[in-house]
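Summary of structural features
As a plain string of letters, each chain reads:
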Amino acid sequence: MPYIVLKRTTDSAPRRAAATAFAAYLRGDAGRQALTAAGFRTPTELQGRNDPDGL
């Protein structure tokens, strides 16, 4: 899952901690399940596909 933290977010410790926690959630099992339930495809589902939209 691509995820970036904007510079302004890292200007404060609480924001940096929240961004780090959110990234960990996205990469964990619960986050993957939530993203899949919302209609996002997993990397496994995308392997070998030629999707012109890139998604």
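See the structure shown above.
Sequence order sets the numbering: in each chain, residues are counted from 1 along the sequence as written. Predicted model: local features are reported for residues with pLDDT of at least 70 only, side-chain atom pairs are reported and counted for 80 or more only, and whole-chain, interface and lining totals are derived from all residues. To get the side-chain values, all heavy atoms of the structure are used, and hydrogens and water are removed first.

**Topic: the overall build of the protein chain**
What counts as a helix is a DSSP run of H or I of at least four residues, what counts as a strand is a run of E of at least two, and both are numbered from the N terminus. The secondary structure content of the protein chain amounts to 3 helices and 0 strands. When the helices and strands of the protein chain are listed from N to C terminus, the series reads α-α-α. With 55 residues in all, the protein chain has 9% of them scored as buried. Only protein chains enter the area calculation, which uses a 1.4 Å probe; residues under 20% of their type maximum are buried, those over 50% are exposed, and those in between are partly exposed.

**Brief notes about the packing of helix H1 (residues 13-27) against helix H2 (residues 29-37)**
In this description, a line fitted to the C-alpha atoms serves as the axis of each element, helices being fitted only across the stretch in contact, and the angle between N-to-C directions of two axes falls anywhere from 0 to 180 degrees. The N-to-C vectors of H1 and H2 enclose an angle of 70 degrees; their axes lie 4 Å apart at closest approach. For the element pair H1 / H2, the angle class is roughly perpendicular. Contacts between H1 and H2 involve Tyr25, Leu26 and Arg27 from the former and Asp29, Ala30, Gly31, Arg32, Ala34 and Leu35 from the latter. For the contact of H1 with H2, a count of residues per class yields 5 nonpolar, 1 polar and 3 charged. Orientation categories follow fixed angle ranges, with anything under 35 degrees roughly parallel, anything over 145 roughly antiparallel, 65 to 115 roughly perpendicular, and all other angles oblique. What makes two residues a contact is simply this: any of their non-hydrogen atoms within 4.5 Å. Residues were grouped as follows: Ala, Val, Leu, Ile, Met, Phe, Trp, Tyr, Cys and Pro as nonpolar; Asp, Glu, Lys and Arg as charged; and all remaining residues, including Gly, as polar.

**Focus on H1**
Expected helix span is given by 1.5 Å per residue-to-residue step, counting one fewer step than there are residues. When the terminal C-alpha atoms of H1 are compared, their 21 Å separation across 15 residues agrees well with the 21 Å that a helix rising 1.5 Å per residue should span. Along H1, the residues classified as buried are Ala19, Ala23 and Leu26. Projection of H1 onto a plane perpendicular to its axis shows the buried side chains occupying an angular sector of 65 degrees, all on one side. Structural note: H1 exposes Pro14, Thr20 and Ala24 on the side pointing more than 90 degrees away from its buried face. This arc is taken over the directions from the axis of the helix to the C-beta atoms.

**A look at the packing of aromatic side chains**
For any pair of aromatic rings, the description consists of the separation of the ring centres together with the inter-plane angle of the planes. Paired rings are identified among Phe, Tyr and Trp, the last through its six-membered ring, by centres lying within 6.5 Å, and are further divided according to the angle between planes into stacked (under 30 degrees), edge-to-face (over 60) and tilted (the rest). The final tally for this structure, using the stated rule, is 2 aromatic pairs. Seen from their ring centres, phenylalanine 22 and tyrosine 25 are 6.4 Å apart, and the 25 degrees between their planes marks the pair as stacked. In this pair, phenylalanine 22 and tyrosine 25 are both assigned in helix H1, 3 residues apart and thus about one turn of the helix distant. You can call phenylalanine 22 partly exposed: its relative accessible area is 41%. Residue classification places tyrosine 25 among the partly exposed residues on the basis of a relative accessible area of 40%.

**Topic: the environment of threonine 20**
By the element assignment, threonine 20 lies in helix H1. Relative accessible area serves as the criterion here: at 51%, threonine 20 is assigned to the exposed category. Considered as a pair, threonine 20 and isoleucine 4 are 16 residues apart in the sequence and their alpha carbons are 10.0 Å apart.

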